[in-house]
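One letter stands for each residue in the lines below.
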Amino acid sequence: MKPSWLVATAKRTIDLAAGLAGFGLFIFTYPIIALLIKLESPGPVLYSQVRVGMNRRARGRASSRQGDERRKADVGGRTFSIYKYRTMCVDSEVNGPQLCAKGVDPRVTRLGKWLRALHIDEIPQFINVVKGDMSFIGPRPERPHFTQQYGVSLPHYSDRTHYIRPGLTGLAQILLGYDDSAESVVRKSHYDLSYRASFCSLSSWIKMEYWILWNTVLYLLKKPQFEGETRDLVTLKRAKLLPFIGRAAAAAVSAATPNSTRVSISFGHSARPEVLNGNDAADLAARLEAMDWSGKPNPEVIIRTKEHLDLEDMGFIVRLAHKVKRHGGRLSLRNAPLKVRKILREIRLDSVLDLQHASSSVRNFLTVDVECWFHAFNMRSIVNKCEWHKQPTRIIQNMERLLELMRVHDVKATFFVLGWVADRFPEVVRMIDREGHEIGTHGYNHDLITEMTPGQFEDDLLRSLDALGRHTSQRIKGHRASNFTVVPSTLWALDILAKHGFEYDSSVFPIARKRYGMPNYPNRNPHTLRLSNGRSIRELPMSTMMVGNKILPVGGGGYLRLYPSKVTERFIERQNLRGLPAMVYLHPWELDVEQKRHYLGPLQTFQHYVNLDSTEWKLNRLMQRFDFGPISSTLEMPRLQSLLRRQPVTLAEQTQDVIAPSRNMAQTPMDDRAITVPQSLVLSPLPMASQMAPGIDRSDESMENLETTLADAG
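Criteria and cut-off values
Starting from 1, residues in each chain are numbered consecutively following that chain's sequence as written. This being a predicted model, a pLDDT of at least 70 is required before a residue's local features are given, and a value of 80 or more before pairs of side-chain atoms are given or counted; all residues contribute to the totals for chains, interfaces and linings. Side-chain figures throughout are based on the complete set of non-hydrogen atoms in the structure, without hydrogens or water. Think of it this way: any DSSP run of H or I at least four residues long counts as a helix, any run of E at least two long counts as a strand, and we number them from the N terminus. The rule is simple: take the accessible area with a 1.4 Å probe, protein chains only, and divide by the maximum for that residue type; under 20% is buried, over 50% is exposed, in between is partly exposed. Whether two residues are in contact is decided by their heavy atoms: any pair within 4.5 Å suffices. Values of accessible area rely on a 1.4 Å probe in the Shrake-Rupley scheme; residue burial ignores everything except the protein chains shown. Joining through side-chain atoms within 4.5 Å is the link that ties buried Ala, Val, Leu, Ile, Met, Phe, Trp, Tyr and Cys residues into a set, and such a set is a nonpolar core. Candidates for patches are residues over 30% relative accessible area with no salt bridge; among them, like charges are joined within 9 Å and nonpolar side chains (Val, Leu, Ile, Met, Phe, Trp, Tyr) within 5 Å. Should a side-chain nitrogen of Lys or Arg be within 4 Å of a carboxyl oxygen of Asp or Glu, the pair is scored as a salt bridge. Pairs of N or O atoms within 3.5 Å make up the polar contacts considered here, provided that, within protein, one atom can donate a hydrogen while the other can accept it, and that residues adjacent in sequence are counted only when both atoms are side-chain atoms. You can read pLDDT as the predictor saying how much it trusts each residue, on a scale of 0 to 100. Only rings of Phe, Tyr and Trp enter the pairing, Trp through its six-membered ring, and a pair is recorded when the two centres are within 6.5 Å. The plane angle decides the type: under 30 degrees is stacked, over 60 is edge-to-face, the rest tilted. Strand pairing is assigned whenever DSSP identifies at least 2 bridges connecting the two strands. Only the stretch in contact is used when fitting a helix axis, every axis being a line fitted to C-alpha atoms; angles between N-to-C directions are given from 0 to 180 degrees. Should an angle fall under 35 degrees it is called roughly parallel, over 145 degrees roughly antiparallel, and 65 to 115 degrees roughly perpendicular, with every other angle called oblique.

J.: Sorry if this is basic, but what is going on with the overall build of the chain here?
T.: Within the chain, the regular secondary structure consists of 26 helices and 22 strands. Counting all 714 residues of the chain, 57% fall into the buried class. Look at the contacts in the chain between residues 6 or more apart in sequence, and 78% of them connect residues 24 or more apart. By element, 55% of the accessible surface of the chain is carried by carbon and sulfur atoms, the whole surface being about 30200 Å².

Below, the structure written as structure tokens:
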């Protein structure tokens, strides 16, 4: 794609200024250098050689055979004559074009060694810059013999100069030196394509141009490099260790390790992204060109690359960057393998791409509480339990939408299914199981544990397990209490869960609310909970964030709908940077914008219906930007195993001490010392607003209003 007129105009202006200054230097130095060249060897002072310039050829669609024939006949651009001071003998290429020889090149004269070492031989090229054949900064101009040869063997080689003039200096020239093998040409092609990608926007081009200009000055100030000596180029040493591969090597690697490139494209608040997925970069590029982006909002594009980045993939990324930036969008590379990230940083493509790699080693929890709209606590006042079966519900349609969205992003989750739903809508359980998601229990009747006796809770739990067992062969490992009602007065429920073989619970919410929450709970990270009967269970508290000295819920339910998406995304990003997972949860009815509206009172109506139209879009953004997975498999990851061993919580039978909440425990990995939760905490009632933890400051009136608004939204 062509650079914008603004970038093209700015670049040509810089070229003319640099070309005129360089031409003045050429006029000043020419008499002295011409005399020295004539005194040493006969022949012309200036050496003229045919090089390939800007490639203006449009990419026309052709068959594979036609494309091969065209590449064989095309030299990759318009040819021109380049001028240099002669540094070799007159008959240096009598046997045809050759790459620079390694070590001492016998064709180079004694004066030519100094001219090359000081880069004085390139001063006449400013004539080409003024004429418009070359730019001051750009890819290295190559000879037609080699461009024709590389155009056949290296994909996208001619794209290096597509609507871009070759340059006197450039990213590849100052970092990698002269070509001495086909391997070095492959390495340089990556750098040249990266430079071309910077033309997709004015800001990225300015940053790239400035960096090259500054490093060109540093390059020229280094100790002169003579033929046969090895220049100490740190970048070249690093580049030789990176897996830069071309067409043949890429085919061998792909055959050995089959994987694919995945591109997710979202437009504005459109919930459903368009996804390109495949192994063939050329096919992906053709499908990309066929997409019509006209009249659509700014695109947001997320790329997941293959493990090995070859020139074909590099060319696709460059074309994608141009198309995205031309439409004012954002391009991000998510969870790229370490090798790919090293390559992209090495060739400075991170100035164009947003490398989202901070969270690549952390997988977050994605959970769904499978219930109908009338199961919500706020609906108790208008729908009695005995009338649930009479209520219209679109839970099947909502689940299909949710599962399809997860399928698009290739994400698995944990679904805590209500036993009542499993009995009334067994196809819901089968759909979840068929898609390969994990199934947990959410109880049977969605009763609050605070309103149940231990015997009633156990009966409700077993009834839900029977309902789920009739429709899935999965072993139910996890539990989430209705309305997070595992509170200080109901910690006995964890003993019952451990008794029946549950591996984890996700019901503790370390905040203060009217009917749920444990503000004094000492560990807000995933941890092992040691029970008083000698058993243990893993506890995964709901996510909370510190705002000043206040603890706020985040990441799920009404909080996901109420908060701006940037708040939730920023929280997850910060959690992942600390090596900690975030817990995201939602309900299927939160995707149903067309559900019947009931008046529940001003506050309850706001809580239940606020921003329903944003749920699917926000979830889509989260799955684009971060890694998610079901609870069981995520807990088996080494990072989570280490986290579970740190500072377990022990429920002691008798102690008089009271433990205050720790702010530092919320966001940082902890040591291996156990925390003892006292019996006074176990037996104490849920604290009222006036008895909340010191971390919740009720003196801030605005904070009180916000918490009142958020209460019961989850």
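J.: What should I look at first to understand the nonpolar core in this one?
T.: Generally speaking, nonpolar side chains in soluble globular proteins are found buried as a group. The biggest cluster of nonpolar side chains holds 95 residues, and the ones touching the most others in it are Leu366, Val370, Met399, Phe415, Val417, Trp420 and Phe628. Sorting elements by how many residues they give to this core places helix H14 (residues 395-409) first, with six residues. Contacts of Val417, omitting those with residues within four sequence positions, involve Val370, Ala422, Val429, Ile432, Ile439, Gly440, Thr441, His442, Gly443 and Leu468. Ile37, Phe126, Leu276 and Val340 belong to the second-largest nonpolar core, a separate cluster that totals 69 residues.

J.: I keep staring at the environment of Leu497 and nothing clicks. Help me out?
T.: Structurally, Leu497 can be placed in helix H18 (residues 492-499). The exposure class of Leu497 is buried, given its relative accessible area of 0%. In this structure the C-alpha to C-alpha distance between Leu497 and His479, which are 18 residues apart in sequence, comes to 8.0 Å. Contact partners of Leu497, with chain neighbours within four places excluded, come to Phe457, Leu461, His479, Phe502, Asp505 and Ile537.

J.: Can you walk me through a nonpolar patch on the surface in this structure?
T.: Where nonpolar side chains cluster on the molecular surface, the patch consists of Tyr210, Trp214, Val217, Leu218 and Leu221 and spans about 560 Å² of accessible area. Within the fold, Leu218 resides in helix H8 (residues 202-220).

J.: What's the story with the environment of Thr485 in this structure? I'm lost.
T.: Tracing the chain through its elements places Thr485 in the loop between strand E13 (478-479) and H18. A relative accessible area of 0% places Thr485 in the buried class. Along the sequence, Thr485 and Gly517 sit 32 residues apart, while their C-alpha atoms lie 7.2 Å from each other. Non-local contacts of Thr485, meaning those with residues more than four positions away in its chain, are made with Leu448, Ile449, Thr450, Thr490, Arg515 and Tyr516. From its side chain, Thr485 meets the backbone oxygen of Ser482 in a polar contact 2.7 Å long.

J.: It is not clear to me how the confidence of the model for the chain should be interpreted in this structure. Could you clarify?
T.: Close reading of the predicted structure is inappropriate where its pLDDT is low. Taken over all residues, the pLDDT of the chain has a mean of 79, while the share at 70 or more is 78%. Low pLDDT, under 50, characterises residues 60-66; the stretch is placed with six contacts to residues that sit more than four places away or in other chains. In this model residues 227-231 is a low-confidence stretch, pLDDT under 50, and it forms 14 contacts with partners more than four residues away in sequence or in other chains.

J.: What am I meant to see in the environment of Arg380 here?
T.: You can see Arg380 is positioned in the loop between strand E10 (364-370) and H14. According to the relative accessible area criterion, Arg380 is partly exposed, its value standing at 36%. In this structure, the C-alpha to C-alpha distance between Arg380 and Leu600, residues 220 residues apart in sequence, is 9.6 Å. Setting aside residues up to four positions removed in sequence, Arg380 forms contacts with Leu448 and Glu451. In this structure the side chain of Arg380 is engaged in a polar contact, spanning 3.2 Å, whose partner is the side chain of Glu451.

J.: Sorry, what's going on with unusual backbone geometry here?
T.: A negative phi angle is the norm for most residues apart from glycine, just as the trans form is the norm for most peptide bonds. The phi dihedral of Asp410 falls on the positive side, at around 55°, and the residue is not glycine. With respect to the helices and strands, the residue Asp410 is situated in the loop between H14 and strand E11 (414-417). Given the relative accessible area of 56%, Asp410 is considered exposed. A positive phi angle, close to 55°, is found at Phe484, a residue other than glycine. Summarising the element assignment, Phe484 is placed in the loop between E13 and H18.

J.: Please explain the packing of aromatic side chains as it appears in this structure.
T.: The description of two aromatic rings rests on the distance between their centres and on the angle between their planes. Evaluation of the coordinates by the stated rule reveals 20 aromatic pairs. Arranged with centres 5.9 Å apart and planes meeting at 20°, the rings of Phe146 and Tyr150 form a pair that is stacked. Of this pair, Phe146 and Tyr150 both sit in helix H5 (residues 144-153), four residues apart, which is roughly one turn of that helix. Per residue, the accessibility class of Phe146 equals that of Tyr150, and both read buried. When the ring of Phe509 is compared with that of Tyr559, the centres are 6.1 Å apart and the planes differ by 80°; the resulting orientation is edge-to-face. Residue Phe509 is found in the loop between strand E14 (504-505) and strand E15 (527-530), and its partner Tyr559 is found in helix H19 (residues 557-562); the two are separated by 50 residues along the sequence. Tyr559 carries the same exposure label as Phe509, and that label is buried. Through a chain of ring-to-ring contacts, the aromatic side chains of Trp373, Phe374, Trp388, Trp420 and Phe425 assemble into a single cluster.

J.: Please clarify how the pairing of strand E5 (residues 261-267) should be interpreted in this entry.
T.: As a general feature of sheets, a regular strand has side chains that alternate between the two faces. In terms of burial, E5 is largely enclosed, as seven of its seven residues are buried. In this sheet, strand E6 (residues 274-278) lies alongside E5 in antiparallel orientation, the contact comprising five bridges. Bridge pairing in E6 links Thr261 to Gly278. When E5 meets strand E7 (residues 299-304), the two strands line up antiparallel, connected through six bridges. The partner of Phe267 across the bridge, within E7, is Pro299.

J.: Quick question: what am I supposed to make of the pattern of salt bridges here?
T.: Between side chains of opposite charge, a pair can form as their charged atoms come close. Taken as a whole, this structure holds 28 salt bridges when the rule is applied. When salt bridges that share partners are traced, they join Glu300, Arg330, Glu569, Arg621 and Arg625 into one network.

J.: Hey, could you run me through the packing of helix H7 (residues 182-197) against helix H12 (residues 311-326) in this one?
T.: Think of two packed helices as two axes; the pair is described by the angle between the axes and how far apart they sit. Remark: H7 packs on H12, axes separated minimally by 9 Å, with the N-to-C direction vectors making an angle of 5°. In terms of their interaxial angle, H7 and H12 are classed as roughly parallel. Residues Val186, Ser189, His190, Leu193, Ser194, Arg196 and Ala197 of H7 form the contact with H12, whose participating residues are Leu311, Met314, Gly315, Val318 and His322.

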